[in-house]
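Here is what each chain is made of, one letter per residue.
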Amino acid sequence: MNYLNTLLFGLYPYLAGTVFLIGSLVRFDHGQYSWKTGSSQMLSSKHMRLASNLFHVGILVIFFGHLVGLLTPHWVYAPFMSAGAKQLVAIVIGGLAGVMCLVGGAMLAHRRLTNPRVRASSSPMDTAIILLLVIQVTLGLLTIIPALGHLDGGVMLRLAHWAQSIVSFQGGAAAHLAGIGLIYKLHILVGLTIVLIFPFTRLVHVWSIPLGYLGRRYQIVRRRG
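Every value quoted in this text rests on a predicted model; they were computed, and no experiment measured them.

**Some remarks on the overall build of the chain**
Line of reasoning, step 1. When helices and strands are tallied, the chain shows ten helices and zero strands.
Line of reasoning, step 2. Counted from the first residue to the last, the chain has its helices and strands arranged as α-α-α-α-α-α-α-α-α-α.
Line of reasoning, step 3. Counting only residues that meet the buried cut, the chain has 38% of its 225 residues in that class.
Line of reasoning, step 4. For the chain, contacts bridging at least 24 residues in sequence account for 79% of all contacts bridging at least 6.
Line of reasoning, step 5. Surface accessibility of the chain: about 14300 Å² in total, with carbon and sulfur atoms responsible for 71%.

So this is what it looks like as structure tokens:
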């Protein structure tokens, strides 16, 4: 059991991270024509705006919440926020964002599976990744149930120590997850799997966030007379 724990939570993260980085670089270098969102809005725009906005706002809040919450050492928060208070904040904000992401993602998945035009233009990976993201968000929301039973923040600190040990290449990272609840482990494994297959999906478009638009000069657009 210790060997399996080390394999899944000590070695698998590095495999997923390596494929994520190298795969993204190789695809950008050799497959730029496939480097796109593959939007299907022109094929069917019904409920697309609502679903897309709910999904993207929710997933962005979740991503940056995990990034800051897991990778910021507790001593940074300790002077003004206890571990329990931080956990409550994570539950409330993460729960709201998770519900938004789940509703939007479920709408997008239903559209991709049931709309003939959208389904015909979708690859198997397009369908797989949206379903996997919906499963991941569902697992994340389910972690709230056991989290409400231990509001001291102890499990959250163990998850943070694991994540910080992984990114800082410390040995024995998997030991932080020994004996932790199954729902947390499933959530982590599905998340790592999404990272692993990231370069082979339409998710690569997140590398191309048009940040230049924030600082560009205004453009005046006039209607034709």
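After presenting the structure, the write-up continues.
**Points about the side chain of T127**
Line of reasoning, step 1. Following the sequence through the fold, T127 ends up in helix α6 (residues 124-142).
Line of reasoning, step 2. Sequence-distant contacts of T127, defined by excluding residues within four places in its chain, comprise R112, L113 and S122.

**So, the packing of helix α1 (residues 2-30) against helix α8 (residues 154-167)**
Line of reasoning, step 1. Contact pair α1 / α8: the axes reach a minimum separation of 10 Å and the direction vectors enclose 50 degrees. One finds that α1 runs oblique with respect to α8. At the point where α1 passes α8, the crossing takes the right-handed sense. Each of F9, G10, P13 and Y14 in α1 lies in contact with α8, whose residues at this interface are W162, S165 and I166.

**Describing the nonpolar core**
Line of reasoning, step 1. In this structure, F9, L159, W162, L177, I188 and I194 are the most contacted members of the largest nonpolar core, which totals 38 residues.
Line of reasoning, step 2. Elements that contribute at least two residues to this core include exactly α1, α2 (48-71), α4 (83-114), α6, α7 (144-147), α8 and α9 (182-197).
Line of reasoning, step 3. Those residues in contact with I188, other than ones at most four positions away along the chain, are F9, L159, W162 and L177.

**Things to note about α2**
Because an α-helix packs 3.6 residues into every turn, residues spaced three or four apart end up facing the same way.
Line of reasoning, step 1. Here α2 spans 34 Å end to end across 24 residues, near enough to the 34 Å set by a 1.5 Å rise per residue.
Line of reasoning, step 2. When α2 is considered as a whole, its buried residues turn out to be M48, A51, S52, F55, G58 and G69.
Line of reasoning, step 3. Residues of α2 that are buried sit in contact with α3 (74-77), α4, α6 and α8.

**Some words on the pattern of salt bridges**
In a structure, side chains of opposite charge can pair up when their charged atoms sit close to one another.
Line of reasoning, step 1. Going through the model one piece at a time under the given rule, you end up with one salt bridge.
Line of reasoning, step 2. We note a salt bridge from R202 to D126, for which the minimum N-O separation is 3.0 Å. Here R202, found in the loop between α9 and α10 (212-215), pairs with D126, found in helix α6; they are 76 residues apart in sequence, far enough to count as distant. Neither R202 nor D126 differs from the other in exposure class; each is buried.

**Comments concerning α9**
Line of reasoning, step 1. The end-to-end C-alpha distance of α9, which contains 16 residues, comes to 23 Å, matching closely the 22 Å that a straight helix rising 1.5 Å per residue would cover.
Line of reasoning, step 2. Residues of α9 that are buried: Y184, K185, H187, I188, L189, V190, G191, L192, I194 and I197.
Line of reasoning, step 3. At its buried positions, α9 is contacted by α1, α2, α6, α7 and α8.

**Observations regarding the confidence of the model for the chain**
Line of reasoning, step 1. A residue-level look at the chain finds 89% of positions with pLDDT of 70 or above and a mean pLDDT of 88.
Line of reasoning, step 2. Confidence, read as mean pLDDT per element, is least for α10 in the chain (65) and greatest for α9 (97).

**Remarks on the packing of α2 against α4**
Line of reasoning, step 1. Their axes nearest at 7 Å, the elements α2 and α4 cross at an angle of 145 degrees. Where α2 crosses over α4, the two elements pack in a sense that is left-handed. Of the residues in α4, those in contact with M48, L50, A51, S52, L54, F55, V57, G58, I59, V61, I62 and G69 of α2 are K86, I93, A97, G98, M100, C101, V103, G104, G105, M107, L108 and R111.
Line of reasoning, step 2. Its residues assigned to classes, the contact of α2 with α4 shows 16 nonpolar, six polar and two charged.

**What to know about the environment of G154**
Line of reasoning, step 1. Among the secondary structure elements, G154 is positioned in helix α8.
Line of reasoning, step 2. In this structure, the C-alpha to C-alpha distance between G154 and Q87, residues 67 residues apart in sequence, is 9.2 Å.

Conventions adopted
Residues numbered from 1 in each chain as written. Predicted model: local features only at pLDDT ≥ 70, side-chain atom pairs only at ≥ 80, totals over all residues. Heavy atoms only, no water. Helix = DSSP H or I, 4+ residues; strand = E, 2+ residues; numbered from the N terminus. Buried < 20%, exposed > 50% of the residue type's maximum accessible area, 1.4 Å probe, protein only. Contact = heavy atoms within 4.5 Å. Areas by Shrake-Rupley, 256 points an atom, 1.4 Å probe, with all protein chains shown as cover. Axes fitted to C-alpha atoms, helices over the stretch in contact; angles between N-to-C directions. Parallel < 35°, antiparallel > 145°, perpendicular 65-115°, else oblique. Left-handed = near helix turned anticlockwise from the far one by under 90°. Core = buried A, V, L, I, M, F, W, Y, C linked by side-chain atoms within 4.5 Å. Expected span 1.5 Å × (residues − 1). Salt bridge = Lys/Arg side-chain N within 4 Å of Asp/Glu carboxyl O. pLDDT = per-residue confidence, 0-100. Nonpolar A, V, L, I, M, F, W, Y, C, P; charged D, E, K, R; others polar.

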